[in-house]
Amino acid sequence: MSAADFLRGKFLFIASLMLTAGFAAFLLRMLNEGIYFTLLLPCVFLVGGFLSLLPEYLEKRAYYRGLRETMARLEEKRFLAEIIRRPHFREGEILYDVLKSINKSCNDELGKYSLSSLEYREYIELWVHEIKTPIAGAKLICENSQNRAVLTELDRIEFFVEQALFYSRSSNVERDYLIKEMALAELVRGALRGGARYLIAHKIKASAEDLDYAVFTDGKWLTFILRQLLDNAVKYGGSEVRFWGRQNAQSVSLFLGDNGIGIPERELSRVFDKGFTGENGRRFGRATGLGLYLCKKLCLKLGLGITLSSRPGEGTVAEIVFPKSDTPGAGS
Amino acid sequence: MHRILIIEDDKVIREELKSLLEKYLYTVITTEDFSDVVRFALASNPHLILLDLNLPFYDGYHICRELRRQSSVPIIVVTSRDSEMDELMSMRLGADYFVAKPYNTQILIAKIAALLGRAYGQEASGLRHFGELTLDMGKSAVSREGKGADLTKNESRILQILMESKGKIVSRDDIMNALWQSDAFVDDNTLTVNINRLRKKLAEIGGNGLLKTKRGQGYSL
């Protein structure tokens, strides 16, 4: 708060002070007092009046300056009321109390929503684990009665159930993954084994080569991401999927190439956006705009890079970059 | 044959696992009373235990730990809790292997055979018989009436699947799936080549016409 701002706020007081001083001078003049006395007395008035404003000005200036600085420094602005002190002047006290109660009501609302989203997330986790038991039962029944057609469908159901689980995990703020050193080749083989029936039913030719690298990641999460990418390769017309690895200076890259219909160049930058289905999605009609969005989100949490490159008509290559360090988010 | 104890509270899974394992000639013990599983498990003295984690009374972690205190029987944890954390936890408590539900039965069967082989000696576990044929999985060789032929890994796996289905037709997709589960990601053409070579090798040892093609359905012995 600048001095000018403060004085503007005190306009009435200052105006009446001036008037009083003027009127006093006028009275003294009428009483034929000497010129010095006539001027001196109103001046004493004025000085006294302004001096009385000074402590208030200094206090308010210090308080509001502190408030602004705290606000600017604060990353989460909503915590302001919890940090500042209660001032000693009346308007400040009122402001402080109002801020405090707004803050409390915001926190209550936030608490309600985070609790309900946590409860929902816990429910999803529980539900996924519950439903896996009947799926496992159904699969065993099919295996024992040699019902292949249903088995393939059950594999699909299982995959979508996993997707729900990972979707709920992806928006969670806590980390519920475990980064370990894993053999890249084994992760790829796991994804191929898991999707075997679906890939075989679609006559997909699969290969995996040059994968003798160790990477730091959560195996379950990465397998899910690879299954999601494989699913896309099959969905968009691929008849061949190829995994290969590459050692970079500061990282290891895993590539998954297919020979499907590819993605138009102008859409490549948006394929990871939530709900984006693009031309292919409309043409094939089964896109949800979720798969790649989820892959990206999970990769971000694991500290991995993911990009797609494509030539329409020739195929798509997905690249996942594992930084060398074991701390997620560090490295390239 | 080996005795396997299934500790699983879901009736369907218990029964289906039981009939699956019985097909592979294991003796299967189950229980419906989970109040004192540890004592029951020790008393029934199985060669291997399949243990679910979500159980009434005590959870699988507790049972695993208690069993380990008194026995070194191989334990396979089968569960729908499938995070890396659960896997690590199970291993720390002494489980020998961890399979996530819904499991891949091919992998489960292979793992059971491997663990039993390791714990109680290899003899016989690598040998399979069907009709006149004997398949030695360890050596990857087939023999018939004293004559033998060496097989590649894929050929012996295909023969194993056909022998295990005991004359029933196995579809091409099923054979391919089984090969994929052992990390041989063969395609249609490769499978045809493998089958033809296997047929030739069987013919060499006098098994002409043993491997039959059922058009549009698959293969059988």
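What you see is a predicted model; the values in this text were computed from it and never measured. (Residues numbered from 1 in each chain as written. Chains lettered and ligands numbered in written order. Predicted model: local features only at pLDDT ≥ 70, side-chain atom pairs only at ≥ 80, totals over all residues. Heavy atoms only, no water.)

S.K.: Explain the domain arrangement of chain A to me, and be specific about the residues and the numbers.
M.R.: The accessible area lost on association of the parts is a frequent measure of interface size. As assigned here, chain A comprises domain 1 (3-106), domain 2 (118-170) and domain 3 (180-323). Each of domain 1 of chain A and domain 2 of chain A has a C-alpha centre, and these two points are 69 Å apart. (Domains from an automatic or database assignment.)

S.K.: Any chance you could break down the pairing of strand 8 (residues 141-144) of chain B for me, citing the residues and the numbers?
M.R.: Residue and element names in this part refer to chain B. Inspection of the sheet shows strand 7 (residues 133-136) paired to strand 8 by four bridges, in the antiparallel sense. Looking across to strand 8, one finds that Asp-136 is bridged to Ala-141. What sits between strand 7 and strand 8 in their antiparallel hairpin is a turn of four residues, with Ser-140 showing a positive phi close to 55°. As defined by bridge partners, strand 8 adjoins strand 9 (residues 147-150) across four bridges and the pair is classed as antiparallel. Across the sheet, the residue bridging to Ala-141 is Asp-150, located in strand 9. Hairpin geometry of strand 8 and strand 9 is characterised by an intervening segment of two residues between the two adjacent antiparallel strands and by a positive phi of about 45° at Glu-145. (Pairing = 2+ DSSP bridges. Helix = DSSP H or I, 4+ residues; strand = E, 2+ residues; numbered from the N terminus.)

S.K.: Give a detailed account of the packing of aromatic side chains, specifying residues and quantitative values.
M.R.: All names here are of chain A. In this structure the tally under the stated criterion is 13 aromatic pairs over all chains. When the ring of Phe-6 is compared with that of Tyr-57, the centres are 5.1 Å apart and the planes differ by 50°; the resulting orientation is tilted. Separated by 51 residues along the polypeptide, Phe-6 in helix 1 (residues 3-9) and Tyr-57 in helix 3 (residues 35-73) bring together distant segments of the chain. Residue classification places Tyr-57 among the buried residues on the basis of a relative accessible area of 12%. An aromatic cluster of at least three residues, connected via ring pairs, comprises Phe-159, Phe-160, Phe-166, Tyr-177, Trp-221 and Phe-224. Stacked on the ring of Phe-272, the Lys or Arg Lys-296 has its end atom at 5.0 Å from the ring centre. Looking at Lys-297, its charged tip hangs above the ring of Tyr-167, at a distance of 5.9 Å from the centre. (Phe/Tyr/Trp six-rings, centres within 6.5 Å; stacked < 30°, edge-to-face > 60°. Buried < 20%, exposed > 50% of the residue type's maximum accessible area, 1.4 Å probe, protein only. Lys NZ or Arg CZ within 6 Å of the ring centre and 35° of its normal.)

S.K.: Outline the sheet that holds strand 6 (residues 305-311) of chain A, supporting the account with residue identities and numerical values.
M.R.: Residues and elements named next belong to chain A. The strand order across the open sheet formed by five strands is 2-4-5-7-6, and the pairing between neighbours is mixed. The sheet terminates laterally at strand 2 (205-209) and strand 6, the two strands that pair on one side only. Here the average twist between neighbouring strands, direction ignored, is 15°. Seen against the sheet, helix 7 (residues 184-194) touches strand 2, strand 4 (240-247), strand 5 (251-258) and strand 7 (315-323) and runs at an angle of roughly 30° to strand 5. (Axes fitted to C-alpha atoms, helices over the stretch in contact; angles between N-to-C directions. Contact = heavy atoms within 4.5 Å.)

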